[in-house]
Amino acid sequence: MDQLETVSALRRQISAWKSAGQTVGFVPTMGALHEGHRALMRAAREACDKVVVSIFVNPTQFGPGEDYESYPRRMEADRAACEAEGVSILYTPDEEVMYPPGFSTFVQEEMLSMPLCGKGRPGHFRGVCTVVTKLLNQVGPDIAVFGQKDAQQALIVKRVVRDLDLPVQIQIHPIVREEDGLAMSSRNRYLSDQERKHALVLQRGLKAIEAAFLEGKKDAHALTATATAILAAQEGVKLEYIEVLSAETLLPSSRVEDKVVVAIAAKVGPARLIDNTVLDGRRGVVLSHV
Ligand code: AMP
């Protein structure tokens with residue numbers, strides 16, 4: 001595995017692969033890699049001849065007072081994880097490469113970015129869209145794999161790729177969870193043992209919604225009320241939102257008639273955690289991704 005830090009070195013290697021007829025899968029990350037990231041790498045490996053993983057803690061997607069400075073950075077362990085998953089290139093550009101002096105061009109998606117995390121984290125998706133567009137342009141992959149864990153991000157990336165005609169196929173991988181159901185996240189490292197137990201309430205809330213939906217309940221308010229009560233009863237957890245939104249438009253759905261995303265965000269100790277589930281009202285089933 002090569003670790004490359006410049007766009008020119010990256011492009012040289014990738015064009016050599018492409019000239020030899022090899023396909024390229026790409027997994028962009030912010031590092032502190034866990035089994036969720038590794039599942040994305042394996043999906044890319046299955047779909048393509050070569051896999052590129054990037055690690056870049058993107059400053060433009062963090063707001064003031066958020067955890068940019070303290071975000072976990074674990075390059076040695078991350079290198080080993082990529083190596084073990086058969087990654088061909090680990091791309092680790094620095095801030096100067098991604099945002100050279102005078103950088104003044106941003107990519108902004110203006111519809112799907114409005115609700116959920118777009119409200120609580122203004123500017124977050126502008127940073128995400130900008131860095132993802134840049135990384136896709138730098139790598140030029142055939143396929144890029146994103147996680148359902150960040151459902152809104154996945155939908156926004158798909159929209160940017162469609163709207164800007166970026167020549168890449170976006171693949172969404174289901175949420176990878178710990179054995180007890182907690183969605184894996186680099187931010188879980190912020191949790192104490194007790195906070196980690198408290199954090200399981202996100203999954204309990206979503207499971208309660210899934211169970212009620214599978215029993216035939218379709219009223220969004222009734223569904224979220226079940227989970228809100230469960231979360232309210234859990235000490236140490238502050239619910240930010242729980243919403244039922246169309247999986248197409250991310251506009252609020254009052255009933256689960258079509259495909260919806262039920263998205264939840266809560267503060268648990270120092271960590272802001274997110275989780276979600278996808279319900280298909282037409283078929284009456286729970287889906288693994290949008
Ligand atoms: P991050 O490093 O947190 O920016 O995540 C990089 C990619 O990994 C994104 O596409 C995430 O959605 C995805 N990802 C993170 N955690 C998980 C998880 N538990 N399951 C599936 N995908 C994940």
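This text follows the structure it describes.
Residues numbered from 1 in each chain as written. Predicted model: local features only at pLDDT ≥ 70, side-chain atom pairs only at ≥ 80, totals over all residues. Heavy atoms only, no water.

Peer 1: Account for empty space enclosed by the protein, naming residues and giving values.
Peer 2: One pass over the full model with this rule turns up two cavities of 30 Å³ or more. Volume-wise, the largest cavity comes out at about 50 Å³. In terms of lining residues, the largest cavity is bounded by Lys149, Leu182, Ala183, Ser185, Asn188, Ala199, Leu202, Gln203, Leu273, Ile274 and Asp275. Elements that contribute at least two residues to the lining of the largest cavity include exactly helix H8 (193-214) and strand E9 (271-280). (1 Å grid on protein atoms, 1.4 Å probe; cavity = no way out; pocket = protein on both sides within 12 Å on 5 of 7 lines; lining within 4 Å. Points joined across faces, edges and corners; volume = space filled by probe spheres on them. Helix = DSSP H or I, 4+ residues; strand = E, 2+ residues; numbered from the N terminus.)

Peer 1: I'd like to hear about the layout of surface pockets, residue by residue, with values.
Peer 2: Counted as a void, the largest pocket has a volume near 1100 Å³. Taken together, 48 residues line the largest pocket, and the ones lying closest to its centre are Met30, Lys149, Asp150, Gln153 and Arg187. Counting residues per element, the ones that place at least two in the lining of the largest pocket are strand E2 (24-29), helix H2 (35-47), helix H6 (124-139), strand E5 (143-147), helix H7 (151-163), strand E8 (259-268) and E9. Class assignment for the residues of the lining of the largest pocket results in 25 nonpolar, 14 polar and nine charged. Estimates place the volume of the second largest pocket at around 220 Å³. For the second largest pocket, the lining is made up of 17 residues, of which Ile55, Phe56, Val57, Arg73 and Met75 are closest to its centre. Tallied by class, the residues present in the lining of the second largest pocket amount to 10 nonpolar, two polar and five charged. (Nonpolar A, V, L, I, M, F, W, Y, C, P; charged D, E, K, R; others polar.)

Peer 1: Account for the environment of Tyr190, with residues named and values stated.
Peer 2: By the secondary structure assignment, Tyr190 is in the loop between strand E6 (169-173) and H8. Leave out the neighbours within four places in its chain, and Tyr190 touches Asp67, Ser70, Tyr71, Pro72, Glu195, Pro270 and Ala271. Among the polar contacts made by the side chain of Tyr190, one reaches the side chain of Asp67 at a distance of 2.9 Å. (Contact = heavy atoms within 4.5 Å. Polar contact = N/O pair within 3.5 Å; in protein donor to acceptor, adjacent residues only side chain to side chain.)

Peer 1: Explain the sheet that holds strand E10 (residues 285-287) to me, using residue names and the numbers behind them.
Peer 2: Spatially, the four strands line up as an open sheet ordered E7-E8-E9-E10, and their pairing is antiparallel. The open sheet has two free edges, formed respectively by strand E7 (237-246) and E10, since each of these has just one partner strand. Across the sheet, the mean angle from the axis of one strand to that of its neighbour is 25°, orientation sign disregarded. Taken strand by strand, H8 contacts E7, E8, E9 and E10, and its axis lies near 15° from that of E9. (Pairing = 2+ DSSP bridges. Axes fitted to C-alpha atoms, helices over the stretch in contact; angles between N-to-C directions.)

Peer 1: Give a detailed account of the pattern of salt bridges, specifying residues and quantitative values.
Peer 2: Enumeration over the complete set of coordinates arrives at 14 salt bridges. A salt bridge links Glu257 to Lys218, with the shortest nitrogen-to-oxygen separation between them at 3.8 Å. You can see Glu257 sitting in the loop between E7 and E8 and its partner Lys218 sitting in the loop between H8 and helix H9 (220-232), a full 39 residues away along the chain. Overall, the relative accessible area of 38% leaves Glu257 in the partly exposed class. Take Lys218: its relative accessible area is 23%, and that puts it in the partly exposed class. (Salt bridge = Lys/Arg side-chain N within 4 Å of Asp/Glu carboxyl O. Buried < 20%, exposed > 50% of the residue type's maximum accessible area, 1.4 Å probe, protein only.)

Peer 1: I'd like a description of the site of the ligand, backed by residues and values.
Peer 2: Around the ligand sit 17 residues, and of these Met30, His37, Asp150, Val176 and Met184 come closest. Between the ligand and Gly147 there is a distance of 2.9 Å, counted from an oxygen atom to a backbone nitrogen or oxygen. Asp150 has a polar side-chain atom sitting 2.6 Å from an oxygen atom of the ligand. Protein burial of the ligand: of its 480 Å² of free accessible surface, 92% is covered by the chains. Judged by its atoms lying within 2 Å of the grid points, the ligand is housed in the largest pocket. Those elements that place two or more of their residues in the shell around the ligand are E2, H2 and E5. Among the elements that take part in the shell around the ligand, H2 stands out by supplying three residues, more than any other. Taken together, the residues that form the shell around the ligand break down as nine nonpolar, six polar and two charged. (Near = heavy atom within 4 Å. Areas by Shrake-Rupley, 256 points an atom, 1.4 Å probe, with all protein chains shown as cover. Sits in = over half its atoms within 2 Å of the grid points.)

Peer 1: Describe the packing of aromatic side chains, with residues and values.
Peer 2: This structure, assessed with the given rule, holds five aromatic pairs. Ring plane angle 85° and centroid distance 5.4 Å describe the contact between Phe103 and Phe106, whose orientation is recorded as edge-to-face. An aromatic cluster is defined as three or more aromatic residues linked by ring pairs; in this entry it consists of Phe56, Tyr99, Phe103 and Phe106. Directly above the ring of Tyr68 sits Arg73, whose terminal nitrogen or CZ lies 5.0 Å from the centroid. Against the face of Phe106 rests Arg126, its NZ or CZ located 3.8 Å from the ring centre. (Phe/Tyr/Trp six-rings, centres within 6.5 Å; stacked < 30°, edge-to-face > 60°. Lys NZ or Arg CZ within 6 Å of the ring centre and 35° of its normal.)

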